[in-house]
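# Commentary on secondary and tertiary structure
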Amino acid sequence: MDFSLNDEQRQIREMVHDICLERVEPRAAEIDESGEFPWDIKELFAKHDILAIPFTPEYGGVSGSVLTLLVAVEEISKFCVTSSLILSVQSLGSLPIALAGTAEQKRKYLPPLARGEQLAAYALTESGSGSDAGGMRTRAIKRGDTYVLNGSKTFITGGSVADTVVVFARTDQNGDTPARNISAFIVEKTMPGFKVGKLEKKMGIRGSPTAQLFFEDLAVPAANRLGSEGEGFKLAMRVLDHSRPGIAAQALGIAEGAFDLARKYARDRHQFGRPIAEFQGIQFMLADMATQIEAARALTYASGDALDRRLPDISASSSMAKLFASDTAMRVTTDAVQILGGYGYLRDFPAERMMRDAKITQIYEGTNEIQRLVIAREQLKEKT
Ligand SMILES: Cc1cc2nc3c(=O)[nH]c(=O)nc-3n(C[C@H](O)[C@H](O)[C@H](O)COP(=O)(O)OP(=O)(O)OC[C@H]3O[C@@H](n4cnc5c(N)ncnc54)[C@H](O)[C@@H]3O)c2cc1C
């Protein structure tokens, strides 16, 4: 099945596929083993304008279409999820600027990100507030024409390599203003008081740095506030509505990569004198994997298409895509390991890495329990 992709989307998919097959796939196991950020892949993506895909031509980008971005993320994720995150997080970290920035903020910050000269990150989560992001404690106190930030963030993808980090902080000045008086700020890594803490050791996506960030009397110009004071929480949620299909695309790509591997192995591996693909038990597993992948792709592309067409009420479709595709990635990669038998459990084959990488898609940008809350809330709204 091929969800009505246009010529540009097909061309980008082909280009990304060829580059990844030649340059990314051979690096994937090494990136996982070393746990180091693959600067060579970042340069490769910058050189081929892959990092420019999330941006419109007005700001030096090549597309700006969500569906095009999803297709690119899906393609990279078939080979190496850590590498796909370089593109995903460039989009996630720049989305608050693209959605709520002034013309001046966009002109200053988006073009170097589109060229891949700089990297972006998105800093919402804190050690005490994950799913309940509104419970954050980082504060921004207004002093003249600056805000002084104090606090910390945790689990920030690319936090240690990013040049530009969008940070969410409380702006209630005396603690007596309504909850969720949260604002968003564009912070540059060179601003005094910006400190990178420890990098987390993880189960999967091991080459993607997950950092703690500290802000110690960090003075941000008021001109770097995104939108009005107190509008930051709404913006954070709007960004997630736009970015969750990207996690769905990542999950979809992992599932497709695992399926291709399992299908090939089932044809090649002989037991009891014939290929294991001739056993109905294996065939049924492959049939279920293929069906789940098709369904995940339909939901993922539909959510990207809805965003591109600026349809209203996109929260549920973004959450459904993320929920279903990530659960699919987990099931399909687990079954792929099973089809490879004992070899699936070895690092000699990528199946176990895919299974480890798949797990995070059920957790970040809102756990799948939170996606269910979003979907249920939308279903229970009064419809006229
Ligand atoms: C590798 C990695 C990268 C990340 N990257 C980023 C990033 O770039 N930027 C960023 O801001 N954050 C990032 N995160 C944070 C991520 O989004 C959070 O970890 C996630 O939202 C869950 O928060 P938590 O870990 O605090 O879990 P908790 O919120 O403590 O949840 C624990 C469990 O309780 C469940 N739960 C919580 N509330 C409810 C509820 N109301 N109903 C039912 N179940 C509930 C959860 O689903 C989960 O199973 C990253 C996390 C990881 C692990």
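Residues numbered from 1 in each chain as written. Predicted model: local features only at pLDDT ≥ 70, side-chain atom pairs only at ≥ 80, totals over all residues. Heavy atoms only, no water.

## Topic: helix H5 (residues 103-114)
How we decide: Under the scheme used here, helices are H or I runs from DSSP no shorter than 4 residues and strands are E runs no shorter than 2 residues, and both carry numbers assigned from the N terminus. The length a helix should cover is 1.5 Å for every residue beyond the first. Relative accessibility under 20% of the residue-type maximum defines a buried residue, over 50% an exposed one, and the middle range a partly exposed one, all with a 1.4 Å probe and only protein chains included. In what follows, a contact means two residues having at least one pair of non-hydrogen atoms within 4.5 Å.
Helix length check: H5, at 12 residues, gives a terminal C-alpha distance of 16 Å against a target of 16 Å (1.5 Å per residue), a fit within 8%. Within H5, the full set of buried residues consists of Gln 105, Lys 106, Tyr 109, Leu 110, Pro 111, Pro 112, Leu 113 and Ala 114. Each element contacted by the buried residues of H5 is listed here: helix H4 (81-100), strand E1 (120-123), strand E4 (164-170), strand E5 (182-188) and strand E8 (225-226).

## Details of the domain arrangement of the protein
What counts here: Residue ranges assigned to each domain were obtained from an automatic or database domain assignment. Buried area is a sum: the accessible area each of two parts loses on coming together, probed at 1.4 Å, counted once for each and added. Any Lys or Arg side-chain nitrogen located within 4 Å of an Asp or Glu carboxyl oxygen qualifies as a salt bridge. Any pair of N or O atoms that falls within 3.5 Å is considered a polar contact. Within protein, one atom must be able to donate a hydrogen and the other to accept it, and sequence-neighbouring residues count only if both atoms are side-chain atoms. Nonpolar residues are Ala, Val, Leu, Ile, Met, Phe, Trp, Tyr, Cys and Pro. Charged residues are Asp, Glu, Lys and Arg, and all others, Gly as well, are polar.
Looking at the protein, the domain boundaries give domain 1 (7-119), domain 2 (121-229) and domain 3 (233-380). For domain 2 versus domain 3, the separation of C-alpha centres amounts to 30 Å. Taken together, the contacts link 14 residues of domain 2 with 13 residues of domain 3. Contact with domain 3 buries surface across domain 2, with Tyr 122, Met 203 and Ile 205 losing the most and accounting together for 42% of the total. Taken together, domain 2 and domain 3 are joined by 0 salt bridges. Taken together, the links from domain 2 to domain 3 amount to 3 residue pairs in polar contact (both at pLDDT 80 or more). Its residues placed into classes, the side of domain 2 that touches domain 3 shows 9 nonpolar, 3 polar and 2 charged.

## Section: the packing of aromatic side chains
So the rule is basically this: Centre distance within 6.5 Å is the pairing criterion for rings of Phe, Tyr and Trp, where only the six-membered ring of Trp is used; planes under 30 degrees apart are then read as stacked, over 60 as edge-to-face, and the remainder as tilted.
Summed over all chains, the structure comprises 7 aromatic pairs. Where Tyr 122 meets Phe 168, the ring centres are 5.3 Å apart and the plane angle is 65°; that geometry is what we call edge-to-face. Placement of the pair is Tyr 122 in strand E1 and Phe 168 in strand E4, with a sequence separation of 46 residues. Each member of the pair, Tyr 122 as well as Phe 168, carries the same accessibility label: buried. A ring pair is formed by Phe 194 and Phe 215, whose centres lie 6.3 Å apart and whose planes are at 40°; its orientation type is tilted. Residue Phe 194 is located in strand E6 (residues 194-199), and its partner Phe 215 is located in strand E7 (residues 210-221); the two are separated by 21 residues in the primary sequence. Side by side, Phe 194 and Phe 215 carry an identical accessibility label, which is buried. Taken together, the aromatic side chains of Tyr 265, Tyr 343 and Phe 349 make up a single cluster linked through ring pairs.

## Digging into the site of the ligand
Let me state the cut-off plainly: Proximity criterion: a residue is near a molecule or strand once any of its heavy atoms comes within 4 Å of it. Under the convention used here, a 1.4 Å probe and the Shrake-Rupley method define accessible areas, while residue burial counts only the protein chains that appear.
Inspection of the region around the ligand gives 19 residues, with Thr 125, Ser 131, Phe 155, Thr 367 and Glu 369 positioned closest. Within the side chain of Thr 125, an N or O atom sits 2.7 Å from a nitrogen atom of the ligand. Contact distances for the ligand include 2.8 Å between a nitrogen atom and a backbone N or O atom of Phe 155. Out of a free accessible area of 980 Å², the ligand has 65% covered by protein chains. Considering each element in turn, the shell around the ligand owes the most residues, 3 residues, to strand E3 (residues 146-157).

## Thoughts on the nonpolar core
Across soluble globular proteins, nonpolar side chains show a tendency to be buried alongside one another. Inclusion rule: Here, nonpolar core refers to any group of buried Ala, Val, Leu, Ile, Met, Phe, Trp, Tyr and Cys residues whose side-chain atoms link them within 4.5 Å.
Core analysis: the biggest nonpolar cluster contains 69 residues, and Val 24, Phe 45, Ile 50, Leu 87, Leu 286, Met 289 and Ile 339 have the highest contact counts within it. When contributions to this core are tallied by element, the ones reaching two or more residues are helix H1 (7-34), helix H2 (39-47), helix H3 (66-77), H4, helix H6 (232-268), helix H7 (280-308), helix H8 (315-339) and helix H9 (351-360). Counting residues per element, this core draws most heavily on H6, at 12 residues. Counting residues domain by domain, this core receives three or more from each of domain 1 (7-119) and domain 3 (233-380). With near-sequence residues (within four places) excluded, Met 289 lies in contact with Phe 259, Ala 262, Val 332, Asp 335, Ala 336 and Ile 339.

## What to know about H3
When the terminal C-alpha atoms of H3 are compared, their 16 Å separation across 12 residues agrees well with the 16 Å that a helix rising 1.5 Å per residue should span. Within H3, 12 of the 12 residues are buried, which leaves it mostly tucked inside the rest of the structure. Those residues of H3 lying buried are Val 66, Leu 67, Thr 68, Leu 69, Leu 70, Val 71, Ala 72, Val 73, Glu 74, Glu 75, Ile 76 and Ser 77. Lining the buried residues of H3 we find H1, H2, H4, H6 and H7. Sitting at the amino-terminal end of H3 is Ser 65, which places a side-chain oxygen 3.3 Å from the backbone nitrogen of Leu 67.

## What about the pattern of salt bridges?
Any two side chains of opposite charge can pair, given that their charged atoms come close. All told, the structure shown has 27 salt bridges when counted by the stated rule. Across the pair Arg 115 and Glu 117 runs a salt bridge, and its minimum N-O distance is 2.7 Å. Between Glu 256 and Arg 297 there is a salt bridge, with the nearest N and O atoms lying 2.6 Å from each other. Pair noted here: Glu 256 is in helix H6 and Arg 297 is in helix H7, with a separation of 41 residues, a long-range link. Comparing Glu 256 with Arg 297 shows no difference in burial state: the two are buried. Look at the salt bridges and you will find they share partners, linking Asp 32, Arg 206, Glu 352 and Arg 356 into a network.

## Remarks on the side chain of Glu 378
On the secondary structure map, Glu 378 appears in helix H10 (residues 368-380). A distance of 3.2 Å separates a polar atom in the side chain of Glu 378 from a polar atom in the side chain of Lys 381. Among all residues touching Glu 378, those that are not within four sequence positions of it are Ser 315, Ala 316 and Lys 383.

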